[in-house]
Amino acid sequence: MRLSRAFVPTLRQVPADAEAVSHKLLVRAGFIRQLASGLYLFLPLGWRVMEKIHAIIRQEMQRIGAQEMFLTVLHPADLWQKTGRWYEIGDEMFRLKDRTGRQMCLGMTHEEVMAWLASREIKSYRDLPQIWYQIQTKLRDEARPKSGIMRTREFIMKDSYSFDMDEEGLERSYQLHIEAYNRIFTRCGLRYYQVESDPGMMGGATAHEFMAPSPAGEDDVAICDGCGYKANVELAKSIPEGLQPQQWEFEEVHTPDRRTVQEVSEFLGIEPKYFIKSLLYFTDSRPILVLIRGDQDLQERKLQRAVGGPVRAASRQEVEQTLGVEAGFIGPHEQQIELIADESLKEGVFVSGANRPHYHVKGLRPGVHFNPRWADLHVAKEGDRCIHCGSPLRIERVIEIGNIFKLGTKYSEPLKATFLDEQGRERLIIMGSYGIGPARVMAAAVEQCHDENGIIWPISIAPYEVMVLPLNMNHPETVETSESLYNRLLSEGFETIIDDRPERAGVKFKDADLIGIPLQVVVGEKALQEGHVEIKVRKTGERFRVSPEKVPERLRELRDNLMPPIKN
RNA sequence: CGGGGCGUAGCGCAGCCUGGAUAGCGCACCGGCCUUGGGAGCCGGGUGUCGGUGGUUCAAAUCCACUCGCCCCGACCA
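Residues numbered from 1 in each chain as written. Chains lettered and ligands numbered in written order. Predicted model: local features only at pLDDT ≥ 70, side-chain atom pairs only at ≥ 80, totals over all residues. Heavy atoms only, no water.

Asker: A description of the sheet that holds strand S30 (residues 533-537) should follow, citing residues and the corresponding values.
Answerer: Spatial ordering of the open sheet is given by S28-S27-S29-S30-S31, a layout of five strands whose pairing is mixed. Unpaired on one side and paired on the other, strand S28 (496-498) and strand S31 (543-546) mark the two borders of the sheet. The sheet shows a mean angle of 20° between the axes of neighbouring strands, direction not considered. Sheet topology places strand S27 (residues 466-470) next to strand S29 (residues 519-523); five bridges connect them, and they run parallel. By the bridge assignment, Val468 is partnered in S29 with Val521. Sitting on the sheet, helix H12 (residues 505-515) is in contact with S27, S29 and S30, with an inclination near 170° to S27. Sheet contacts for helix H14 (residues 551-562): S27, S29, S30 and S31; angle to S30, the most-contacted strand, approximately 5°. (Pairing = 2+ DSSP bridges. Helix = DSSP H or I, 4+ residues; strand = E, 2+ residues; numbered from the N terminus. Axes fitted to C-alpha atoms, helices over the stretch in contact; angles between N-to-C directions. Contact = heavy atoms within 4.5 Å.)

This is the structure we're talking about:
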């Protein structure tokens, strides 16, 4: 490709509405443009990166026997009504009617359609197992699109679905996907973790996420370097800092105008971890008082799982109406409503609200003064102990680049996707679903691989492998050498772009670094006089002077070194 | 959905508080000269519904109301 004729609109200035590094760099380097909130166009360079990622995904999916198909974006509503998601999902689903008034929606994901297909076409155990996938546009009316292409309303997703006869089959399909995903993300040059995740509304029991560490991410994971335990903080378990035994007798203490743990802690000279925070929540059916240690935070996801449905925090007024006491002085002692407590409160003697304005109680003992239901409810924090091996946990910010779910029969049942087994009995197909967001892979790569000058693409997903820079287009020998190098590299199979614009050297250097092609071949007058050109490795900044004839050989070597450990 | 911010040339911004003459700066862009190893220099060129609508006023980019769009924090995220 010739840059002089390519559409690569680089920007010297950072767009005002970009915050995330990947967003800024991808816009500046001419890879993407924003059409509207959460809607991005992929320009030629950006689309080449996406296609590289797609190609790697295709190769690895085929490797595990998955078959690609192409479904629709427009779905009839009744499929979603059958599985109930039509009603469960709120504004995030784009809904519309066709000209005859039939309710439709735009696909956010394709479990329904895939299960529908399976229900019609798979009849016998002989048809199983199957893994079907597609690389397709999905639409979600996100409450808050953000960080460039990291969270958009229209996006491409690789989604695959496995269909098995039984749990063992599902486990096999699940493991195949883990294998494929490890190869895909490694080949894309990412640092990533596989972590336990919350199956959430997808239904089913087991789920994992593939997470690329980056400060621009939206999730946090807890990681144990001791035993390798890794989990999304939405469900990560941890053992908080221990307590010293206390001999406090049960007593009421006057705490005028001290409401928060912080205030009462300072007032009484007792550390926050000896406090019980009482938080009033409402489930669909009832109020529930949630007890958390003073130095801990409630993980609402865990609470939702524990009570088996959505929860919401009570407002100040609701606290007074329900409990008859102002928030700040409520506690578990002599409480009438249902209690649920974090397990870190099982052992110890605590301070909490007295359910009487301006008073707290000290010497509160679980099992003696209150009897809650126990559950793991606290947020795992940096430095907490691993529940498996006791090592300290660390918390890291990550971008979710892939996820895998064991669905079971959540979709096959309502859509009647069944098969006849060897005994002629009708049984439900067991499903799994597996996603990858190629645009997030792209964004994560930029987040992980860049410097102050621009992007440094992993060579496996770079839009081009080599960029030839003729520094002075008015110098015939420079042009001649560059052109012949360009043609030679192309014929030897290098994906090459030449910056043949009549620009000054500085501009070419800046753009080359910004765009981030891994290998640069710099053709300058001075070096040419001595009979060589210069190869620059974008990632390390290394420069090698080589004679033009040796360029392909040297580049091949450098390319091999830059290539991630797994190749096709 | 709650909180905050922003909308003036292709991009980045000043002007607005305290209303007034032709709306300005840098970059980009177009023509010319010059230059060619890290976003050069000189000369000439403005390409604008000041997001929109309504109002106040002799007069609105500027004040008021409504509205649309975009970003950030939180909630949500199948």
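Now that the structure is up, let's keep going.
Asker: Just give me the short version of the domain arrangement of chain A, but keep the residues and values in it.
Answerer: Its domain assignment divides chain A into domain 1 (21-190 + 416-447), domain 2 (251-375) and domain 3 (464-562). Placing a centre on the C-alpha atoms of domain 2 and another on those of domain 3 gives a separation of 66 Å. (Domains from an automatic or database assignment.)

Asker: For the protein's contact with RNA strand B, give the residues involved together with the corresponding values.
Answerer: Among the 45 residues in the neighbourhood of RNA strand B, the closest are listed as Arg12, Ile89, Arg151, Asn474 and Asp513. Atoms of RNA strand B within 4 Å of the protein belong to the sugar or the phosphate in 47% of instances, the rest to bases. Gln34 places a polar side-chain atom, nitrogen or oxygen, 2.8 Å from a phosphate oxygen of RNA strand B. At a separation of 2.7 Å, a base oxygen of RNA strand B approaches a polar side-chain atom of Arg543. Sorting the residues of the surface near RNA strand B by element identifies strand S1 (32-36), helix H8 (300-307), H12 and S30 as the ones contributing at least two each. Per-element accounting of the surface near RNA strand B gives the leading share, eight residues, to H12. Looking at the surface near RNA strand B residue by residue, the classes come out as 15 nonpolar, ten polar and 20 charged. (Near = heavy atom within 4 Å. Polar contact = N/O pair within 3.5 Å; in protein donor to acceptor, adjacent residues only side chain to side chain. Nonpolar A, V, L, I, M, F, W, Y, C, P; charged D, E, K, R; others polar.)

Asker: Residue-level account of the pattern of salt bridges, with values.
Answerer: This model, assessed by the stated rule, comprises 46 salt bridges. Across the pair Arg85 and Glu111 runs a salt bridge, and its minimum N-O distance is 3.4 Å. Here Glu111 lies in helix H5 (residues 111-121) and Arg85 lies in helix H4 (residues 85-88), a separation of 26 residues in the sequence. When its relative accessible area of 6% is taken as the criterion, Arg85 is described as buried. As a salt-bridge pair, Glu557 and Arg554 come within 3.3 Å of each other at their nearest N and O atoms. Here the residue Glu557 and the residue Arg554 both occupy positions in helix H14, the gap between them amounting to three residues, near one helical turn. (Salt bridge = Lys/Arg side-chain N within 4 Å of Asp/Glu carboxyl O. Buried < 20%, exposed > 50% of the residue type's maximum accessible area, 1.4 Å probe, protein only.)

Asker: Quick rundown of the nonpolar core? Include the residues and the values.
Answerer: One finds Leu26, Phe31, Tyr181, Phe185, Ile401, Met442 and Trp457 to be the most contacted residues of the largest nonpolar core, which totals 65 residues. Mapped onto the domain boundaries, this core takes at least three residues apiece from domain 1 (21-190 + 416-447) and domain 3 (464-562). Non-local contacts of Leu26, meaning those with residues more than four positions away in its chain, are made with Phe31, Ile32, Ile149, Met442, Val446, Ile455 and Trp457. (Core = buried A, V, L, I, M, F, W, Y, C linked by side-chain atoms within 4.5 Å.)

Asker: Which residues make up helix H10 (residues 438-448), and what are the values?
Answerer: Across the eleven residues of H10, eleven count as buried, placing the element largely inside the fold. All of the buried residues along H10 are Pro438, Ala439, Arg440, Val441, Met442, Ala443, Ala444, Ala445, Val446, Glu447 and Gln448.

Asker: Lay out the pairing of strand S24 (residues 430-436) with the relevant residues and their values.
Answerer: Of all seven residues in S24, seven are buried; the element is thus mostly enclosed. Here S24 shows two buried faces, one formed by Ile430, Gly432, Tyr434 and Ile436 and the other by Met431, Ser433 and Gly435. Taken together, the seven bridges between strand S8 (residues 154-164) and S24 define a ladder with antiparallel strand orientation. Within S24, the residue paired with Ser162 across the bridge is Gly432. Looking at chain direction, strand S21 (residues 393-408) and S24 are connected through six bridges and run antiparallel.

Asker: Tell me about the environment of Asp219, and name the residues and values.
Answerer: One can find Asp219 in strand S11 (residues 219-224). The class for Asp219 is buried, based on a relative accessible area of 16%. Not counting chain neighbours up to four residues away, the residues in contact with Asp219 comprise Met211, Asn232, Glu234, Glu396, Arg397, Val398 and Glu400.

Asker: If you had to explain the side chain of Lys158 to someone new, which residues and values would you point to?
Answerer: Counting through the fold element by element, Lys158 comes out in strand S8. Within the buried set, Lys158 has no salt-bridge partner at all; the shortest N-O distance to an opposite charge, 7.1 Å, is to Asp159. Looking at Lys158, its side chain comes within polar contact range of the side chain of Ser160, at 2.7 Å. Side-chain polar atoms of Lys158 contact the backbone oxygen of Tyr434, separated by 3.2 Å. (Lys, Arg positive; Asp, Glu negative; His and termini not counted.)

Asker: So, the packing of helix H11 (residues 476-491) against H14: which residues are in play, and what are the values?
Answerer: With their axes 10 Å apart at the nearest point, H11 and H14 run at an angle of 50° to one another. One element, H11, and the other, H14, form an angle in the oblique class. As for how H11 packs across H14, the hand of that crossing is right-handed. Across the interface between the two elements, Leu485, Arg488 and Leu489 from H11 touch Val551, Pro552 and Leu555 from H14. Per-class residue counts for the contact of H11 with H14 are five nonpolar, no polar and one charged. (Parallel < 35°, antiparallel > 145°, perpendicular 65-115°, else oblique. Left-handed = near helix turned anticlockwise from the far one by under 90°.)

Asker: Quick one: what's the story with the sheet that holds strand S16 (residues 312-313), residue by residue and with numbers?
Answerer: Judged by pairing direction, the sheet is mixed, and its five strands sit side by side in the order S16-S14-S15-S17-S20 without closing on themselves. With partners counted over all chains shown, the strands left at the sheet margins are S16 and strand S20 (373-375), one partner each. Across three bridges, the pairing between strand S15 (residues 287-293) and strand S17 (residues 339-342) is parallel. Note that in S17 the partner of Leu289 across the bridge is Leu339. Of the strands in this sheet, strand S14 (276-282), S15, S17 and S20 are in contact with H8, which crosses S20 at around 130°. Across the sheet, helix H9 (residues 316-323) is in contact with S14, S15 and S16; its angle to S14 comes to roughly 95°.

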